[in-house]
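Letter by letter, the chains look like this.
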Amino acid sequence: MEFTLIVSLVIFCLVYALILIRNINGVKVPIWLAMGSGALLFLIFGIISPIKAFSSVNFEVIMFLLGMFLLVSGLESSGALNYITNKILSKAKTPNQVLFVVIFVMGILSAFLINDTIALVATPIVIGLVRKMKLRPAPLLISLAFGVTIGSVMTPIGNPQNLLVSLHSGIKFPMFTFLRYLALPTILSLVATFFVIKFFYRKEFEKNLIPSTSDEICIERKSAITSGILVVFTILGFFALGIIKMFVELELNYSHIALIGGAAMLVFGIKRDKIIRGLNWQILVFFVAMFVFVSGLQSGGVIDVFHNLLPLKPTPGDKFSSFDIIGTSLTLSQFISNVPFVAVYLPIMHNYGFSGSDSLSWIVLASASTIAGNLTIFGAASNIIILQVAEKNKVFAFSSKEFFKIGSIVTAVSVGILVFFLVLI
């Protein structure tokens, strides 16, 4: 057991060192490859078996991501998403207005089109903006990271960890439950984040620059209309599913709705080849590898070590157990990222005795683990996606130090808002 634990810790450190450095002798190491290497090492050393590795992959999350990626790829391939984003940004005439749009509008879009897809699509647009505005990429790319993370908090389809909670916690009517608890705190957190970023980068935003967005965006009208209709119907399907489940027990869940929408995009989409080519398979590989990697950490005893270092054991029915859940979420998400943390912590909470009736505790888990993504670059997959897309565009997005410097304040403010609305009132 000691040997297994030592090997697991070495693999853990190696993978996160690769992600942190991301450059070895001038050769860039893709983040999905670093995570995949860790997963493979757990298999090679026999810490997990191939069968356990396969079973550790949460295919409901992968189906959900695949479906949403197909839908967004349809919007993107038709030019509709770039057109809409540029139209929105064209209304902003100062750097402060651009900052507000990047944080607030992209955040709200993330709540319904999943934060990872918005991060994937919006990053190159933001990079184009900073080039035209002659600003450093870091302020707006960090703002994008914070915006898509915070905005995704308020719905069960905003990010993969919320989806996991909605699928496996037993919460009834998750769409309405999430919105009831989290809509107002999310909006207030987005506004607060705007002012935090504006304060930190006040010298860089004090210039009265007028950004120019291109109006010459190629858009395929028929394809754009088809894609837009399918996306709207899919989002309406998420709401409709919640209403139907009030009256009828169904095995259907959000993953199925997303996959049906994605399949419809392939069937009815005009540019199927562009839609498939537009999929970011690397992100899907990253998530699959991440689930296997976390399973290896769990089998190797690393997660038990982390968990034992945190003497926080929430109790069902105790409102102030939310502080235990928040503390654990904020801490462990930095080591294994928020999606695998929730995947691991869900059965732990069930073992503590939490059930579907403890909706507040599950909402706290979802929201706190999501907000944890703003503390360090490792806290959320969307942060990694922004870094990865920026690297593809030959842009240095931001350092882990700069992200943490501002992220610690943003996280503290957001957690304070959550605590006030979820625990104290």
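Structural data are supplied above this passage.
The text that follows walks through the structure, step by step, so that each part is easy to find. (Residues numbered from 1 in each chain as written. Predicted model: local features only at pLDDT ≥ 70, side-chain atom pairs only at ≥ 80, totals over all residues. Heavy atoms only, no water.)

1. Quick look at helix α2 (residues 31-44)
Working step 1: Relative to the 20 Å expected for 14 residues at 1.5 Å per residue, α2 spans 20 Å between its end C-alpha atoms, a close match to the ideal helical length.
Working step 2: Residues Ile-31, Ala-34, Met-35, Gly-38, Ala-39 and Phe-42 constitute the buried set of α2. One side of α2 carries all its buried residues, which in axial view fall inside an arc of 135°. (Helix = DSSP H or I, 4+ residues; strand = E, 2+ residues; numbered from the N terminus. Expected span 1.5 Å × (residues − 1). Buried < 20%, exposed > 50% of the residue type's maximum accessible area, 1.4 Å probe, protein only. Arc of directions from axis to C-beta.)

2. Considerations on the packing of helix α4 (residues 59-77) against helix α12 (residues 221-244)
Working step 1: At a minimum axis separation of 8 Å, α4 and α12 run at an interaxial angle of 145°. α12 is crossed by α4, and the crossing has left-handed handedness. In this structure, α4 contributes Phe-64, Met-68, Leu-71, Gly-74 and Leu-75 to the contact, and α12 contributes Ser-227, Gly-228, Leu-230, Val-231, Thr-234 and Phe-238.
Working step 2: Split by residue class, the contact of α4 with α12 holds seven nonpolar, four polar and no charged. (Axes fitted to C-alpha atoms, helices over the stretch in contact; angles between N-to-C directions. Left-handed = near helix turned anticlockwise from the far one by under 90°. Contact = heavy atoms within 4.5 Å. Nonpolar A, V, L, I, M, F, W, Y, C, P; charged D, E, K, R; others polar.)

3. A closer look at the nonpolar core
Working step 1: Of all hydrophobic cores here, the largest spans 135 residues; its most connected members are Leu-140, Ile-197, Phe-238, Phe-287, Phe-293, Leu-365 and Phe-398.
Working step 2: Of all the elements, helix α15 (residues 281-299) adds the most residues to this core, at 11 residues.
Working step 3: Beyond its immediate sequence surroundings of up to four residues, Ile-197 is in contact with Leu-99, Ile-103, Pro-139, Ile-142, Ser-143, Phe-146, Phe-205 and Ile-406. (Core = buried A, V, L, I, M, F, W, Y, C linked by side-chain atoms within 4.5 Å.)

4. Focus: the packing of aromatic side chains
Working step 1: As enumerated under the stated definition, the model contains 16 aromatic pairs in all.
Working step 2: Look at Phe-100 and Phe-194: their rings are 5.5 Å apart centre to centre, the planes differ by 85°, and that puts the pair in the edge-to-face class. Placement of the pair is Phe-100 in helix α6 (residues 95-113) and Phe-194 in helix α10 (residues 174-200), with a sequence separation of 94 residues.
Working step 3: Looking at Arg-180, its charged tip hangs above the ring of Tyr-181, at a distance of 4.5 Å from the centre.
Working step 4: Above the face of the Phe-199 ring, Arg-202 is positioned so that its terminal group lies 4.3 Å from the ring centre. (Phe/Tyr/Trp six-rings, centres within 6.5 Å; stacked < 30°, edge-to-face > 60°. Lys NZ or Arg CZ within 6 Å of the ring centre and 35° of its normal.)

5. A word on a nonpolar patch on the surface
Working step 1: Taken together, Phe-173, Ile-243, Ile-244, Met-246, Phe-247, Val-248, Leu-250, Leu-252 and Ile-260 make up a surface patch of nonpolar side chains, about 790 Å² in accessible area.
Working step 2: Locating Leu-250 in the fold gives a position in the loop between α12 and α13 (254-268).
Working step 3: Residue classification places Leu-250 among the partly exposed residues on the basis of a relative accessible area of 34%. (Patch = residues over 30% accessible without salt bridge, like charges linked within 9 Å, V, L, I, M, F, W, Y side chains within 5 Å. Areas by Shrake-Rupley, 256 points an atom, 1.4 Å probe, with all protein chains shown as cover. Salt bridge = Lys/Arg side-chain N within 4 Å of Asp/Glu carboxyl O.)

6. A closer look at the side chain of Ser-321
Working step 1: Inspection of the secondary structure puts Ser-321 in the loop between α16 (302-308) and α17 (322-336).
Working step 2: Residue Ser-321 is classed as buried on the basis of its relative accessible area of 2%.

7. Considering the packing of α17 against helix α18 (residues 338-352)
Working step 1: The interhelical angle for the contact between α17 and α18, taken along N-to-C directions, is 135°, at an axis separation of 8 Å. Here α17 lies oblique to α18, going by the angle between them. Crossing hand, α17 versus α18: right-handed. Across from Ile-325, Thr-328, Ser-329, Leu-332, Ser-333 and Ile-336 in α17, the residues of α18 making contact are Asn-338, Pro-340, Phe-341, Tyr-345 and Met-349.
Working step 2: A class-by-class count of the residues in the contact of α17 with α18 yields seven nonpolar, four polar and no charged. (Parallel < 35°, antiparallel > 145°, perpendicular 65-115°, else oblique.)

8. Examining helix α7 (residues 115-133)
Working step 1: Here α7 is 19 residues long and its end C-alpha atoms lie 25 Å apart, about the 27 Å a rise of 1.5 Å per residue gives.
Working step 2: Positioned one or two residues after α7, Lys-134 has a phi angle of 55°, which is positive.

9. A short note on the environment of Lys-198
Working step 1: Locating Lys-198 in the fold gives a position in helix α10.
Working step 2: When the C-alpha atoms of Lys-198 and Leu-99 are compared, they prove to be 8.0 Å apart, with 99 residues separating the residues in sequence.
Working step 3: Residue contacts for Lys-198: discarding those within four places in its chain leaves Asn-96 and Leu-99.

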